[in-house]
Amino acid sequence: MSDHHHLTGDHHPSPASAATTALGPLLLLPSELLHDILIRLALPELLRVRSVARPLSHVISSPDFRRLYHLSSAASGPGPAAAWLLVFKKLRPRDAALRGFHGPSGRWFRIPVSAILAPAVPPGEDLYFLAASGSSFLFAANGRRELVVVDLSAHAARRLPPSPLGPRGTSSWRRFGLKLVADPPGSSQFRFLFAELVNNTPLLFEYQSETDTWQSSEAVQAEGASTAAGPEGTFLCAAHAGPDCVMVYSGPGVERPVFFRPRFPHNPNGGGGGGDRLHVYGDGRAAVVRSTVIDEPGRPRVKVVAGVDLYGFGSVVGGDWQLVSTVPGELVEGFRKPYAVMTGLLSEREGVVRLVLISNCRGAWDIVWLSYDRARGEWRWVPVPDWGTKGLNMAGIAVSSTFSRLWPPAAPSSCTTTTSQ
């Protein structure tokens, strides 16, 4: 089956009448039971049903069902099932697409963005996917050295004005130092924040879509671990080199951004420094991936993951890293595969920490998705199926826990299904 099966577009004559006939028995069910069936569908599947079945379209578009679906999405569990993994795959300049992995269904979905990007991006532009929140997807254009945002719900794209640092290529953007936030939640408005060391001074930059303007603030050094971190606060990594990093915090508890240089404690697992370790930062958390090197004569040097430790700051700003939890050994055994290179993504929302590890070995990509529920003290791992990643030209990855709450208008949907290749 092709992975270009659009939810709307080329259909046989009278698809609505054919769908209505096929769905006849389903439409006779009580509304409560019908709602229970529909809320189990992933968002792209739900939009497909809405586009081809007119009677169900009225049900799906009703305020009561939309409210029920949002509540179900928000309460769908603490693990990867409650979020989407989004990967940008470079194809031909006019055929770029996002792939979204949906935990509950265990399937990949294709989200074509080339047609939406076309008015804002010239042919042949080199794009990199930076972040996603709600209906907003942020890209960096390397040729024009600017930012482009896609609003999936409005089916539109536009270029952002240059930041106070001027035009920036894709290599200037660091995943650990930026964040996209739908503000207010559920709207198409957003804030984009990033932190940088400029002349050895930590600065925080913020773009607000409502005013289409940038603001910049110089961070001041935090006075020890005396400031309580608010739940709406933002932690960004302004610079890092292995275990050494400069963190910038803004939000409740401080009048202006503050920065500090946290240190890792001694960990019997060896989590702080030394050895073969990957440090991943995000949302005031740090994951340390410990690996063992396999060096056999006559074979390329590879590594395997030996353990993963999660660190945080507790409830204060300005302190050192504190060990929060270690991924159980039995979970690590499930994804211990040889790799040559690895990178990661770390985020937290509503008390759930999500860690994505992307590795490559001899041209084959592998994605590991872990989550940690802080309230329950539970780790989960959901295997991510392959969808033809051999030779994949990956150009950005993000996790969004608000994508399932996105509700485009009744215009044709942009989502398509994807089968493993």
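No experiment lies behind these values; they were computed from the predicted model shown.

1. Some points on the overall build of the protein chain
Scanning the protein chain for helices and strands turns up 8 helices and 28 strands. Here the protein chain holds 421 residues, and 51% of them are scored as buried. Put simply, of all contacts in the protein chain between residues at least 6 apart along the chain, 56% involve residues at least 24 apart. Of the accessible surface of the protein chain, which amounts to about 18,900 Å², a share of 52% is contributed by carbon and sulfur atoms.

2. A word on the sheet that holds strand β26 (residues 378-383)
The 4 strands lie next to each other as β23-β24-β25-β26, forming an open sheet whose pairing is antiparallel. Looking at which strands have only one partner, the edges of the open sheet turn out to be β23 (341-349) and β26. Across the sheet, the mean angle from the axis of one strand to that of its neighbour is 20°, orientation sign disregarded. Note: strand β24 (residues 352-361) against strand β25 (residues 364-373), 10 bridges, orientation antiparallel.

3. Quick look at unusual backbone geometry
For Arg 145, which is not glycine, the phi dihedral falls at a positive 55°. Here Arg 145 lies in the loop between β6 (136-141) and β7 (146-151). Look at Arg 145 and you get partly exposed, because its relative accessible area is 41%. Positive phi values are uncommon outside glycine, yet Asn 200 reaches one of about 65°. When its relative accessible area of 60% is taken as the criterion, Asn 200 is described as exposed.

4. Here's the deal with the confidence of the model for the protein chain
Of all residues in the protein chain, 79% attain a pLDDT of 70 or more, and the chain-wide mean is 80. Of the regions scoring below 50 in pLDDT, residues 77-81 engages in 18 contacts with residues more than four places distant in sequence or in other chains. The low-confidence segment residues 408-414 (pLDDT under 50) makes 17 contacts with residues lying over four places distant or belonging to another chain.

5. Describing the state of the cysteines
Where two cysteines share a covalent bond between their sulfur atoms, that bond is called a disulfide. In the structure shown here, the tally under the stated rule is 0 disulfides. With no disulfide partner, Cys 245 has as its closest neighbouring cysteine sulfur the one in Cys 237, 4.9 Å distant.

What counts and what doesn't
- Residues numbered from 1 in each chain as written.
- Predicted model: local features only at pLDDT ≥ 70, side-chain atom pairs only at ≥ 80, totals over all residues.
- Heavy atoms only, no water.
- Helix = DSSP H or I, 4+ residues; strand = E, 2+ residues; numbered from the N terminus.
- Buried < 20%, exposed > 50% of the residue type's maximum accessible area, 1.4 Å probe, protein only.
- Contact = heavy atoms within 4.5 Å.
- Areas by Shrake-Rupley, 256 points an atom, 1.4 Å probe, with all protein chains shown as cover.
- Pairing = 2+ DSSP bridges.
- Axes fitted to C-alpha atoms, helices over the stretch in contact; angles between N-to-C directions.
- pLDDT = per-residue confidence, 0-100.
- Disulfide = S-S within 2.5 Å.

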